[in-house]
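# Architecture at a glance
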Amino acid sequence: MSDTALSGPRKPSRWAAFSAAFFGVPSAAIAFVVFVSMCLAALLAPWIAPQNPYDLGAVSILDNLLEPGEQSFSGMTHWLGTDGQGRDMLSAMLYGLRISLLVGILSGVIALAVGTLVGLIAAFRGGWVDALLMRIVDLQLSFPTILVALILLVILGRGVDKIIFALVVVQWAYFARTVRGVALIENSRDYVEAARGLRFGAWRILFLHVLPNCLPTMLVVATIQMAQAISLEATLSFLGIGLPPTRPSLGLLIANGFDYLQSGRWWISVLPGLVLLVLIVSVNVLGDRMRDVLNPHLKR
Amino acid sequence: MKRKVSIALVAAVTMALTPAYAEQVLTIGVRSEAASLDPHWTQLSADLQVQEHIFEHLVDLDSASQTVPGLAVSWEPIDETTWEFKLREGVTWHDGEPFNADDVVFSFDRLRAGIDGAPASPAFQLEKGSKTWEKIDDYTVHIMTDGPYPTVAEDLAMLPIVAEHATAGKTASVDFNSGEAAIGTGPFMFEEYSPGNRVTVVRNENYWGDQSAWDRVVFRPVGEESARLAALLNGDVDIIDYPPTVDLPQLEADPDFTVSTVSADRLIYMIPSYRHVEEFVTDVEGNPLMPNPLRDWRVRKALSLAIDREAIRDRIMGGASLPTGNIVPPGFFGYVDEIEADPYDPDQAQALLAEAGYPDGFMITIQGPNDRYINDARIVEAVAQFWTRIGVVTEVDTMPRNIFFSELIRGGDLTFPGFDDPKFSMALTGWGTVAGEATYTVSGILESYNAATGGGNGNFGRYSNHDVDARSILAKRTIDRNARLELLEEATKIAMEDYALIPLHFQVNKWAMKSSLEHTPRTNERTLAWEVRPVE
Amino acid sequence: MLEFLLRRILQAILVLFVMTVLVFFGVNVIGNPVYIFASSECNQACIDEIIVNLGLDQPIWRQYLTFLGNLFQGDLGRSFTHGVPAMSLILERFPATLELAIAALVLALGIGLPLGIYAGLKPDSPISKLIMGFSMISFSVPIFWIGLIFILIFSVRLGWLPSIGRGDLVSVFGLFEVSFLTWDGLRHLLMPAFTLSLIMMAMVIRLTRAGMREVLHADYIKFARANGIHERRVIGVHVLKNILIPIVTVLGMEFGGVIAFAVVTESIFSWPGVGKMLIDAIAVLDRPLIVAYLIFVVVMFVAINLLVDILYSVLDPRVRLGGNVS
């Protein structure tokens with residue numbers, strides 16, 4: 001995520017200043033390390049996971065509900081135990097993390113793209129286009145995200161693509177509104193005036209000049225939105241209307257594991273819950289810090 | 001609900017002052033809420049189990065689902081097409097009015113006329129055999145059918161009797177939920193219906209039959225199974241249905257709690273689909289397979305032998321399942337002794353696959369519900385594991401019942417006519433033999449599909465075997481019990497040797513309760529207050 | 001002013017109309033409720049009868065027109081499963097949700113405000129760091145998970161609190177019934193309300209802390225202090241008065257979200273509110289009830305927004321000119 005900040009439009013020394021300010025707080029540094037290692041773990045899951053939890057030939061119900069550290073029939077040690085179907089929990093969590101992150105990041109990126117486009121158009125066109133788009137944004141934002149996503153998924157059915165679509169629908173308006181706000185300010189700045197004076201095309205001004213200056217703000221919003229998206233996906237999956245159970249995300253793993261909680265098999269639900277919590281907290285800490293450094297005036 | 005508090009207050013005061021009398025209250029934590037107290041409104045068992053405390057049938061089912069006298073004391077065929085029912089005398093409705101044959105005729109008329117808006121009235125039970133009825137005198141009713149028809153009593157056990165004077169002119173469901181029309185003859189009377197929260201019934205002092213131990217019975221819906229167990233553990237409720245299977249071993253070992261167990265009437269099985277090309281059956285590269293390998297009985301047998309039913313029982317069902325090769329549970333009319341559950345034999349399964357021409361296996365997707373049967377999604381996944389291990393690479397696709405059943409039965413939505421074929425190639429589903437005997441199970445899931453006669457209405461794989469059909473159709477017209485039993489057993493044997501479907505197990509139903517209670521469990525999964533007693 | 005009002009009201013009506021179309025058609029293409037209700041013995045004739053009984057034999061546009069016609073008469077249709085008017089079901093259960101949401105609000109303010117004030121006054125103390133850590137975690141933790149953990153700890157392990165349902169009710173002035181006035185009701189209310197309040201609580205802590213720090217540096221506070229006004233009075237009256245406005249504004253806006261999130265809390269704790277009702281209705285595809293709930297919510301939100309718009313325009317005439325509240 002922070003790579004994007006690298007290619008900022010201004011002088012390179014700004015990055016150094018930014019990173020010094022950013023990591024000046026130990027919690028941000030820790031959160032960054034945690035988040036990056038989680039992303040790496042998710043990315044490398046197929047190579048580092050002891051088992052492919054999607055390969056039904058490798059998973060056996062005869063190995064189910066093993067405690068952390070126990071060995072399976074075939075002599076494999078399950079360091080974090082197994083779930084009700086005999087899946088290795090460590091592997092299931094790595095793959096689950098992968099899906100949670102995929103859903104969070106992908107929906108965030110698409111929503112960012114859609115929202116940015118809408119926001120820029122609104123800011124640049126003004127007039128009735130602006131009024132109409134912003135009314136839609138207002139309308140969208142006036143409904144609670146969970147309710148909109150819930151209804152969309154009830155209609156669409158389950159699947160990764162569908163939940164990403166639903167999350168995009170509930171997120172784009174935040175980006176649109178933010179980008180429009182920033183773009184309006186940028187629009188009145190001298191450099192845009194200057195570019196206009198040089199008779200650059202509107203789109204060129206938009207993409208080469210206004211957009212880069214909106215980036216820091218968008219990055220902050222994107223980070224905060226990503227945490228929300230991951231949490232929302234988990235909640236929807238828990239309610240049974242998010243992802244299909246065969247490719248469980250962290251949220252679904254928690255939901256599955258809750259059935260086993262009362263009989264003392266805490267690891268199936270508590271471990272993925274902790275991973276999810278750590279993931280969301282670290283993203284939120286990053287977002288907070290980014291806001292403090294990049295744009296202290298942005299309201300949450 | 002104001003009454004509720006004053007009752008609680010009075011109870012508290014009474015308890016404080018006169019400890020001699022304590023009201024006996026039974027609180028039942030149930031999986032799903034009763035949506036309506038109109039006994040002609042739906043066939044959902046959550047509704048029926050509450051309604052059965054208030055309303056009764058001419059014929060009752062005992063805990064093993066066998067017919068016993070209810071509001072009728074006796075019944076017998078008086079000729080090929082007429083059954084005579086003698087009604088119980090001296091029964092009164094909850095408001096004191098006497099019960100007689102007019103109420104029976106009124107109830108059946110109400111059903112036949114159709115109840116506006118009812119999503120699933122039991123009226124179709126009257127259409128089976130084209131039943132007509134006639135009041136002979138105040139305590140005699142004749143039921144006529146269009147031909148010899150053996151299971152009139154079983155059908156009437158599904159038809160609740162409502163009071164003419166309390167129901168005529170009332171709005172269906174609405175006036176029942178408000179209590180106005182919820183006037184029955186049963187052992188309990190309506191007290192309060194608070195949607196989403198509780199249904200309360202109180203003892204009917206004038207009940208004709210045996211009195212139960214309870215002055216008041218409260219049904220509380222707790223959908224989430226862990227929350228339901230938690231409610232039992234911390235004393236919010238006295239007994240729960242469907243305790244989570246994963247917690248059964250601990251519960252059974254805990255001296256503070258008792259678990260009651262009965263083999264249910266519900267068969268859990270895999271339905272193979274018999275079309276020539278199946279959407280969800282492909283070769284290992286993902287190309288459609290022609291012909292559909294599921295049409296070869298050796299393949300179906302291989303799939304059956306590949307399943308370790310005992311592992312499913314022990315590892316997934318917490319011991320609560322009865323592996324089987326039959327279609328009705330032991331003790332039911334039509335159960336075939338010599339059919340046993342297939343053993344787990346992956347080697348023979350692989351040999352059979354090779355013999356059928358699939359030495360490298362093929363690919364298949366199993367569809368199943370994930371919120372209908374006990375551990376349904378987990379069973380689907382376990383079966384997929386077993387099949388993948390013999391080379392039949394299996395994908396799993398589980399979905400909520402609201403989607404699963406429409407696609408299982410019709411394939412598409414009503415809005416798109418033409419999609420009326422079942423959609424799935426291999427599905428996990430269940431079948432409950434509610435009437436306690438096999439006639440409509442054989443006809444429902446083994447007979448060829450025929451929309452006109454209703455044959456094979458649960459045959460979603462479209463299995464078709466003339467030898468089975470002939471026996472099943474004849475059985476439905478055979479009143480003589482022995483002759484009928486023979487036909488049903490033959491039909492079952494022919495179909496099961498052909499692996500028309502792949503049975504997994506019968507559900508074993510459990511209830512968990514405080515150890516101060518004992519319970520006689522029912523095969524039809526309902527929780528009835530009079531079957532729960534304090535331990536002496 | 002009148003023109004502005006009219007325009008807003010017309011917009012609201014348009015939004016409502018568009019939402020009825022989206023909701024009605026959206027909900028009516030999913031699954032097929034017939035097969036949920038049909039028993040296994042139900043044959044084709046019986047299934048056809050159910051289809052007619054549920055009114056599903058009509059083409060969907062005609063179903064919509066019927067629905068719209070009824071809507072104008074204040075009738076939101078009749079629940080498939082319950083067979084009673086959907087609106088009466090919703091009204092019967094909405095007080096439970098409202099009580100839960102208000103209790104969550106009270107908890108969020110009651111706990112969040114003091115914590116936030118402390119953290120704002122002593123930003124560098126370890127306790128403040130702890131408070132901010134707590135707010136970060138409660139903002140992040142998925143409420144379904146924390147709800148489950150609460151049940152496990154407080155109901156199952158410790159046995160202190162009941163885990164399901166709503167407690168005894170008492171009637172207030174014979175108008176509506178509440179549970180928080182009875183001991184039993186309070187015990188039932190505590191866990192779900194606390195779970196639901198966590199996100200709001202985190203927000204209150206943050207807003208209060210930020211507001212405190214801003215206001216403490218403001219001239220008039222410095223002035224008050226310099227004038228020797230007692231510290232407690234400075235904070236209790238002057239500071240609090242100023243930070244409460246943004247907090248109340250934000251909470252007011254978030255309240256709708258709390259009612260929506262109650263869907264999750266209610267299904268975990270079997271709280272008999274409208275959220276639980278929605279989840280149950282979805283499970284059995286009770287289309288009229290789903291549609292009615294959504295329309296109810298849409299009307300509620302549109303009405304709230306309209307009210308806020310009008311209030312703003314009354315308070316701040318500039319809004320009228322811009323015509324844009326964002």
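All residue numbers here refer to positions counted from 1 along the written sequence of the relevant chain. By the order in which they are written, chains take letters starting at A while ligands take numbers starting at 1. A pLDDT threshold of at least 70 governs which residues receive local features in this predicted model, and a stricter bar of 80 or more applies before side-chain atom pairs are shown or counted, although totals over entire chains, interfaces and linings include all residues.

### Considerations on the overall build of chain C
For the purposes of this entry, the term helix denotes a DSSP run of H or I that reaches at least four residues, the term strand denotes a run of E that reaches at least two, and both are numbered from the N terminus. A count of helices and strands for chain C gives 13 helices and two strands. Dimensions of chain C, computed from C-alpha atoms along their principal axes, come out at roughly 85 × 60 × 40 Å. Burial is judged by counting other C-beta atoms within 10 Å of a residue's own C-beta: 20 or more means buried, 12 or fewer means exposed, and anything between counts as partly exposed, with every C-beta placed from the backbone. Residues classed as buried in chain C amount to 45% of the 326 residues present. In chain C, the share of contacts with a sequence separation of at least 24, taken over all contacts with a separation of at least 6, comes to 67%. Contact criterion: two residues are in contact if their C-beta atoms, reconstructed from the backbone, are within 7 Å.

### A few points about the overall build of chain A
Helix and strand content of chain A: twelve helices and two strands. Starting at the N terminus, the α and β elements of chain A follow one another as α-α-α-α-β-β-α-α-α-α-α-α-α-α. Projected onto the principal axes, the alpha-carbon positions of chain A cover approximately 75 × 45 × 30 Å. Looking at chain A residue by residue over its 300 residues, the buried ones come to 52%.

### Considering the interface of chain C and chain B
At the interface, 54 residues of chain C touch 57 residues of chain B. Broken down by secondary-structure element, the contributors of at least two residues to the side of chain C that touches chain B are α2 (34-37), α3 (44-53), α5 (86-121), α7 (143-157), β1 (170-172), α10 (231-269) and α11 (274-283) of chain C. In terms of residue count, α3 of chain C provides more of the side of chain C that touches chain B than any other element does, six residues in total. Three classes are used: nonpolar for Ala, Val, Leu, Ile, Met, Phe, Trp, Tyr, Cys and Pro, charged for Asp, Glu, Lys and Arg, and polar for all others, with Gly counted as polar. In the side of chain C that touches chain B, the residues fall into 28 nonpolar, 17 polar and nine charged.

### Structural notes on the packing of helix α3 (residues 26-43) of chain A against helix α5 (residues 89-125) of chain A
Residues and elements named next belong to chain A. Following both chains from N to C, one finds α3 and α5 inclined at 110°, their axes separated by 8 Å at the closest point. One way to sum up the angle between α3 and α5 is to call them roughly perpendicular. In this structure, α3 contributes Met-38, Cys-39, Ala-41 and Ala-42 to the contact, and α5 contributes Leu-94, Leu-97, Arg-98 and Leu-101. Taken together, the residues that form the contact of α3 with α5 break down as seven nonpolar, no polar and one charged. Geometry is summarised by axes, namely lines fitted to C-alpha atoms with helices restricted to the contacting stretch, and by angles between N-to-C directions that run from 0 to 180 degrees. Every angle not falling under 35 degrees, over 145, or within 65 to 115 is termed oblique; those three ranges are roughly parallel, roughly antiparallel and roughly perpendicular.

### What to know about the sheet that holds strand β7 (residues 132-137) of chain B
Residue and element names in this part refer to chain B. Taking strand neighbours across the sheet as the criterion, the four strands line up as β5-β6-β8-β7 in an open arrangement whose pairing is antiparallel. In this open sheet, the two strands that pair with only one neighbour each are β5 (72-79) and β7. Taken over all neighbouring pairs, the strand axes of this sheet differ in orientation by 25° on average, direction set aside. Bridge count for strand β6 (residues 82-87) against strand β8 (residues 140-144) is five bridges, and the pairing is antiparallel. Bridge assignment links Trp-83 to a residue of β8, and that residue is Ile-143. Across the sheet, helix α3 (residues 101-113) touches β6, β7 and β8, and the angle it forms with β7 is around 170°. Two strands are counted as paired when DSSP detects at least two bridges linking them.

### Focus on unusual backbone geometry
Residue and element names in this part refer to chain B. Of note, the bond from Met-290 into Pro-291 is cis; its omega dihedral lies within 30 degrees of zero at 0°. We note that Ser-65 has phi near 65°; this positive angle belongs to a residue other than glycine. Within the secondary structure layout, Ser-65 lies in the loop between β3 (59-61) and β4 (67-69). One non-glycine residue, Ser-173, lies in the positive phi region at around 65°. Inspection of the secondary structure puts Ser-173 in the loop between α6 (164-167) and α7 (174-177).

### Quick word on the interface of chain C and chain A
On the side of chain A, 31 residues touch chain C, which itself brings 31 residues to the contact. Its residues assigned to classes, the side of chain C that touches chain A comprises 23 nonpolar, eight polar and no charged.

### A short note on the confidence of the model for chain A
Taken residue by residue, chain A gives an average pLDDT of 81. The fraction at 70 or more is 92%. Every residue in residues 1-8 of chain A is under pLDDT 50, and counting partners more than four places away or in other chains gives ten contacts. Confidence of the predictor at the level of single residues is captured by pLDDT, which takes values from 0 to 100.

### Topic: α5 of chain C
A helix's residues, less one, multiplied by 1.5 Å, set its expected span. With 36 residues, α5 of chain C should reach 52 Å at 1.5 Å per residue; the first-to-last C-alpha distance of 51 Å fits that figure. The term bend refers to the angle at a residue between two fitted axes, each drawn through seven residues, those ending there and those starting there. Where α5 of chain C bends most, at Arg-93 of chain C, the angle is about 35°, and the proline Pro-95 of chain C comes one to four residues later.

### Examining the nonpolar core
To count as a nonpolar core, a set of buried Ala, Val, Leu, Ile, Met, Phe, Trp, Tyr and Cys residues must be joined through C-beta atoms within 7 Å. One finds Leu-150 and Leu-167 of chain A, Val-383 of chain B together with Ala-104 and Tyr-293 of chain C to be the most contacted residues of the largest nonpolar core, which totals 335 residues. Here this core takes 18 residues from helix α10 (residues 202-238) of chain A, the largest share from any one element. Contact partners of Leu-150 of chain A, with chain neighbours within four places excluded, come to Leu-236 and Ile-241 of chain A together with Val-263 of chain C.

### Considering the environment of Asn-284 of chain A
For Asn-284 of chain A, the location among the structural elements is in helix α12 (residues 267-294). The exposure class of Asn-284 of chain A is buried, given the 22 C-beta atoms found within 10 Å. Sequence separation between Asn-284 of chain A and Gly-157 of chain A is 127 residues; the distance between their C-alpha atoms is 30 Å. Residues contacting Asn-284 of chain A, with those up to four places away along its chain left out, are Ala-227 of chain A together with Met-136, Phe-139 and Ser-140 of chain C.

### Some thoughts on helix α9 (residues 219-226) of chain C
One turn of an α-helix holds 3.6 residues; hence residues three or four places apart share an orientation. Counting buried positions over the eight residues of α9 of chain C gives zero, only a small fraction of the element. Positive phi shows up at Gly-228 of chain C, right after α9 of chain C, with a value of about 80°.

### Some thoughts on the environment of Ala-157 of chain B
Residue and element names in this part refer to chain B. You can see Ala-157 is positioned in the loop between α5 (152-156) and β9 (160-161). For the pair formed by Ala-157 and Leu-229, sequence separation is 72 residues and the distance between their alpha carbons is 32 Å. Filtering out sequence-adjacent residues up to four positions away, Ala-157 remains in contact with His-57, Val-59, Asp-60, Leu-61 and Thr-67.

### A word on the pairing of strand β14 (residues 257-272) of chain B
Residue and element names in this part refer to chain B. Most of β14 sits inside the fold, with twelve of its 16 residues counted as buried. When β14 meets strand β19 (residues 426-432), the two strands line up antiparallel, connected through seven bridges. Across the sheet, Tyr-269 pairs through a bridge with Thr-429, a residue of β19.

### What about the packing of α5 of chain C against α11 of chain C?
All names here are of chain C. α11 packs onto α5 with a crossing angle of 130° between their chain directions and a minimal axis gap of 7 Å. In terms of their interaxial angle, α5 and α11 are classed as oblique. Seen from α5, the contacting residues are Leu-89, Ile-90, Arg-93, Phe-94 and Thr-97; seen from α11, they are Val-274, Gly-275 and Met-277. A breakdown of the residues in the contact of α5 with α11 according to their chemical character gives five nonpolar, two polar and one charged.

### Let's talk about the pairing of β7 of chain B
All names here are of chain B. Of all six residues that make up β7, zero are buried, and the element is exposed over most of its length. Two elements, β7 and β8, share five bridges in a ladder whose sense is antiparallel. Residue Glu-134 lies in a different strand from β8, and its bridge partner there is His-142. Connecting β7 to the antiparallel partner β8 that follows it, the hairpin turn spans two residues.

### Digging into the confidence of the model for chain C
All names here are of chain C. Averaged over all residues, the pLDDT of chain C equals 81, while 94% of them reach at least 70. When mean pLDDT is taken per element in chain C, α5 scores highest with 89 and helix α13 (residues 318-322) scores lowest with 47. Segment residues 319-326: pLDDT under 50, and twelve contacts once partners within four positions in sequence are set aside and those in other chains are kept.

### Considering the environment of Val-535 of chain B
All names here are of chain B. Along the polypeptide, Val-535 turns up in the segment after β22 (532-534). Overall, the presence of 9 C-beta atoms within 10 Å leaves Val-535 in the exposed class. In the structure, Val-535 is positioned 18 residues away from Leu-517 in sequence and 5.2 Å away in space, judged by C-alpha atoms.

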